Amino acid sequence: MKREGKVHICVFRCVSYAALCLAEFLLFAFLRSYFLLVLAVLLVVWPAVSAAGMWYLAGRIQAVMGIGQGRACPGDTVLRTLRLRNPAWWLSLDAEWNLCFKNTFWEEESDQSIFMPVRLHGEESLILPLQISNLGHFHICAYRLAVRDIMGLMQVRIPLVLREEICVIPSRQPVPPEQAEGYMAGLSETEESTERGSDFAEVSEIREYVPGDRIRDIHWKLSAKKDILMVKERISMAGSEMVLVLYPGGEKETAEKVLTEAFYLGQTFVERHIPVRLILWNQNLFGWEENRFSGMEEMEDSFCRIYDIPLSMRNNREWKQHMANCYPYMGAYLFVSAEEGEVQVVLHENA
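Predicted model, so just to flag it, every value in this text is computed and none were measured. (Residues numbered from 1 in each chain as written. Predicted model: local features only at pLDDT ≥ 70, side-chain atom pairs only at ≥ 80, totals over all residues. Heavy atoms only, no water.)

(A) Quick look at the packing of aromatic side chains. Going through the model one piece at a time under the given rule, you end up with 7 aromatic pairs. Between Phe-263 and Phe-303 the ring centres are 5.1 Å apart and the planes differ by 75°, which places this aromatic pair in the edge-to-face class. Placement of Phe-263 in helix 5 (residues 252-271) and of Phe-303 in helix 6 (residues 296-306) is noted, with a sequence separation of 40 residues between them. Phe-303 gets classed as buried once you look at its relative accessible area, which sits at 0%. Seen from their ring centres, Trp-281 and Trp-288 are 5.2 Å apart, and the 85° between their planes marks the pair as edge-to-face. Taken as a pair, Trp-281 and Trp-288 share a single burial class, namely buried. Among the aromatic residues, ring-to-ring pairing joins Phe-105, Trp-106 and Tyr-307 into one connected group. (Phe/Tyr/Trp six-rings, centres within 6.5 Å; stacked < 30°, edge-to-face > 60°. Helix = DSSP H or I, 4+ residues; strand = E, 2+ residues; numbered from the N terminus. Buried < 20%, exposed > 50% of the residue type's maximum accessible area, 1.4 Å probe, protein only.)

(B) Here's a closer look at the nonpolar core. In terms of nonpolar packing, the biggest core is built from 67 residues, with Leu-84, Trp-97, Leu-145 and Leu-244 touching the most fellow members. Looking at this core, the element that brings in the most residues is helix 5, giving 9 residues. (Core = buried A, V, L, I, M, F, W, Y, C linked by side-chain atoms within 4.5 Å.)

(C) How the structure looks around the confidence of the model for the protein. Confidence in the prediction of the protein, expressed as mean pLDDT, is 84, and 86% of residues score 70 or more. Predicted confidence is poor over residues 190-201, with pLDDT under 50, and the contacts of this stretch with residues over four places away or in other chains come to 30 contacts. Scored below 50 in pLDDT, residues 235-239 shows 9 contacts in the model against residues more than four places distant or in partner chains. (pLDDT = per-residue confidence, 0-100. Contact = heavy atoms within 4.5 Å.)

(D) Seen up close, the sheet that holds strand 12 (residues 242-246). With respect to topology, 5 strands assemble into an open sheet ordered 14-13-12-15-16, the strand pairing being mixed. Each having just a single partner strand, strand 14 (287-293) and strand 16 (342-349) make up the two edges of the open sheet. When strand polarity is set aside, the average angle formed by the axes of neighbouring strands in this sheet is 25°. Along the sheet, helix 7 (residues 319-326) makes contact with strand 12, strand 13 (276-282), strand 14, strand 15 (332-339) and strand 16, crossing strand 14 at roughly 70°. (Pairing = 2+ DSSP bridges. Axes fitted to C-alpha atoms, helices over the stretch in contact; angles between N-to-C directions.)

(E) Seen up close, the sheet that holds strand 2 (residues 62-67). Spatially, 2-4-7 is the arrangement adopted by the 3 strands of the open sheet, whose pairing is antiparallel. Every other strand in the sheet has two partners, leaving strand 2 and strand 7 (122-131) as the edge strands with one partner each. Averaged over neighbouring strand pairs, the angle between their axes works out to 15° when direction is ignored. Of the pairings in the sheet, the one linking strand 4 (residues 77-86) to strand 7 comprises 10 bridges and is antiparallel in character. The residue bridging Arg-85 from the neighbouring strand is Glu-123, located in strand 7.

(F) Here's a closer look at unusual backbone geometry. Unlike most non-glycine residues, Glu-107 shows phi in positive territory, near 60°. The backbone of His-121 sits at a positive phi, close to 45°, despite the residue not being glycine. Inspection of the secondary structure assignment puts His-121 in the loop between strand 6 (108-118) and strand 7. Taking the relative accessible area as the measure of exposure, His-121 reaches 37% and is therefore partly exposed.

(G) Highlighting helix 1 (residues 11-31). In this model helix 1 runs 30 Å from its N-terminal to its C-terminal C-alpha over 21 residues, within 8% of the 30 Å that 1.5 Å per residue would give. For helix 1, the set of buried residues is Tyr-17, Cys-21, Glu-24 and Phe-28. Projected down its long axis, helix 1 shows its buried positions confined to an angular sector of 65°, all on one face. Exposed side of helix 1, more than 90 degrees from the buried face: Val-11, Phe-12, Val-15, Leu-22, Leu-26 and Phe-30 are the residues found there. On the buried face of helix 1, the contacting elements are helix 2 (34-58). Taken from the residues just after helix 1, Arg-32 is the one with a positive phi, measuring 55°. (Expected span 1.5 Å × (residues − 1). Arc of directions from axis to C-beta.)

Next up, the structure:
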């Protein structure tokens, strides 16, 4: 490690040591003992040796930080590893890591100090568990390492540039199938009133209802005209797309509920081979930000990208008007929001 640190004097310890030296010199002046003379010389020489050894060690020590995984779910425990590699023939009883934890999505930041020794011509490792409780994009930075000399009179503060990231997404837990089918049926009915190219599902033919047919396949408008139940036969869901518009709100608790519900919905549609378009407001761009996915890995990557912009930049009270202006040809979408702390998924017509 390149030695660029600053020396910090521990004033209290230096004053205490000076008092000890003064007491020893007074005792030597009174007793005139050779042992006390040797001790006095050691008390004078040893701090210089300790300081030189610390400076020598600080220029050769290597700090390494690692995390076992880059993605986690709430409730998981992530293991952080701090290592100090020392190729020098000197040691330190006390090295202090200065760490910073930052969640960009919630705009939260905190500091932590970790103490560990530096092994003589070897490596010292420390494994620390980190309990994950919230969604977001965590940045763990080690910005400084303070190495203290053996006597504890001074320390060298060495700047570090070590960074690890963890993206916390909801765990996989799909919503009940009947709920997803209800959303698809609602979108199908709405989209059929638009131009053919934007149909949610492709319909091969329309026939009379037969016991055992699914309720969601009933063509209600045509059934009302003919006074008999008519059913739509669908040949494919490919080429269709489910649109989710998220309004996370300003509160941390409700925003997590909205994101979690959207994640469950996205997983349910992906499992049914239905592509999803995830839309959120981006105040920095003053426009809508889109993420498309058709597989689980793509969906997880899409949710990780959401956290790159703070929550305060993700809401727009005029969302309805902006959606109508920016997506004039979109017939309908699922609007996921929270009201009075409860998540609501509403089929909204874009008008």
